[in-house]
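# Structural features, examined
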Amino acid sequence: MTTSSRAFRRHSILLPRRFNDGSAVPYEIIGDTLIELRQRFGAVSSETQTIQGSWTHEETIYLDELIRVWVDVDDTDANRAFFADFKDRLKARFQQLDIWMTTYLVEVI
């Protein structure tokens, strides 16, 4: 018996639950982001637990509450370009200095 597998590129995004000023991000903003990814790629996954982060920018310490969202897509230049642009849009949408987004190859068995 043989098994087949398919390679994808996973794009993992940490979305903030709070704006940099500490106020809560309305759930609609997170929901709209998930819908946008699902509509574009047919699927999106997210975790419900809160990821806590801490980082420093220009001597200001930021404490983050984040959720992780990920999408597995074909590894194409077009998809890579989409996520580069999407990151810039997310920074504006969530009023952030940066959005942590990582990507790596995954193999689905």
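Up top is the structure.
Just so it is clear, the model here is predicted, and its values are computed rather than measured.

### Section: the overall build of the protein chain
Helices and strands together make up the secondary structure of the protein chain, namely 2 helices and 5 strands. The N-to-C order of helical and strand elements in the protein chain reads β-α-β-β-β-α-β. Taken along the three principal axes of its C-alpha coordinates, the protein chain extends 55 × 25 × 25 Å. In the protein chain, which comprises 109 residues, the proportion classed as buried is 34%. Here the contacts in the protein chain between residues at least 6 apart in sequence split such that 68% fall between residues at least 24 apart. Accessible surface computed for the protein chain: about 7,100 Å², of which carbon and sulfur atoms make up 50%.

### Concerning the packing of aromatic side chains
Under the defined criterion, the tally for this structure stands at 6 aromatic pairs. Ring centres of Phe82 and Phe83 lie 5.1 Å apart, and the angle between their planes is 85°; this geometry places the pair in the edge-to-face category. Each member of the pair, Phe82 as well as Phe83, carries the same accessibility label: buried. Here Phe82 and Phe86 contribute two aromatic rings whose centre-to-centre distance is 5.2 Å and whose plane-to-plane angle is 20°, an arrangement assigned as stacked. Taken together, the positions of Phe82 and Phe86, both in helix α2 (residues 77-93) and 4 residues apart, correspond to about one turn of that helix. Here a set of aromatic residues connected by ring pairs shows up, and it is made of Phe41, Phe82, Phe83 and Phe86. The ring of Trp70 carries Arg68 above its face, with NZ or CZ at 4.1 Å from the centroid.

### As for the layout of surface pockets
In this structure, the largest pocket spans a volume of roughly 190 Å³. Lining the largest pocket are Leu14, Pro16, Trp55, Asp64, Leu66, Gln96, Asp98, Ile99 and Trp100. For the lining of the largest pocket, the secondary structure elements donating two or more residues are β1 (6-16) and β4 (60-73). Residue composition of the lining of the largest pocket, by class: 6 nonpolar, 1 polar and 2 charged.

### Structural notes on the pairing of β1
The element β1 is extensively covered by neighbouring structure, given that 9 of its 11 residues are classed as buried. Two elements, β1 and strand β5 (residues 101-108), share 8 bridges in a ladder whose sense is antiparallel. From the neighbouring strand, Arg9 faces β5, where its bridge partner is Leu105. Sheet topology places β1 next to β4; 8 bridges connect them, and they run antiparallel. Considered in β4, the bridge of Leu15 is made with Ile67.

### A word on helix α1 (residues 27-41)
Relative to the 21 Å expected for 15 residues at 1.5 Å per residue, α1 spans 21 Å between its end C-alpha atoms, a close match to the ideal helical length. What α1 keeps buried is the set Ile29, Ile30, Gly31, Thr33, Leu34, Glu36 and Leu37. Taken together, the buried residues of α1 touch β1, β2 (45-46), β4 and α2.

Conventions used here
- Residues numbered from 1 in each chain as written.
- Predicted model: local features only at pLDDT ≥ 70, side-chain atom pairs only at ≥ 80, totals over all residues.
- Heavy atoms only, no water.
- Helix = DSSP H or I, 4+ residues; strand = E, 2+ residues; numbered from the N terminus.
- Buried < 20%, exposed > 50% of the residue type's maximum accessible area, 1.4 Å probe, protein only.
- Contact = heavy atoms within 4.5 Å.
- Areas by Shrake-Rupley, 256 points an atom, 1.4 Å probe, with all protein chains shown as cover.
- Phe/Tyr/Trp six-rings, centres within 6.5 Å; stacked < 30°, edge-to-face > 60°.
- Lys NZ or Arg CZ within 6 Å of the ring centre and 35° of its normal.
- 1 Å grid on protein atoms, 1.4 Å probe; cavity = no way out; pocket = protein on both sides within 12 Å on 5 of 7 lines; lining within 4 Å.
- Points joined across faces, edges and corners; volume = space filled by probe spheres on them.
- Nonpolar A, V, L, I, M, F, W, Y, C, P; charged D, E, K, R; others polar.
- Pairing = 2+ DSSP bridges.
- Expected span 1.5 Å × (residues − 1).

These figures come from the coordinates and say nothing about function on their own.
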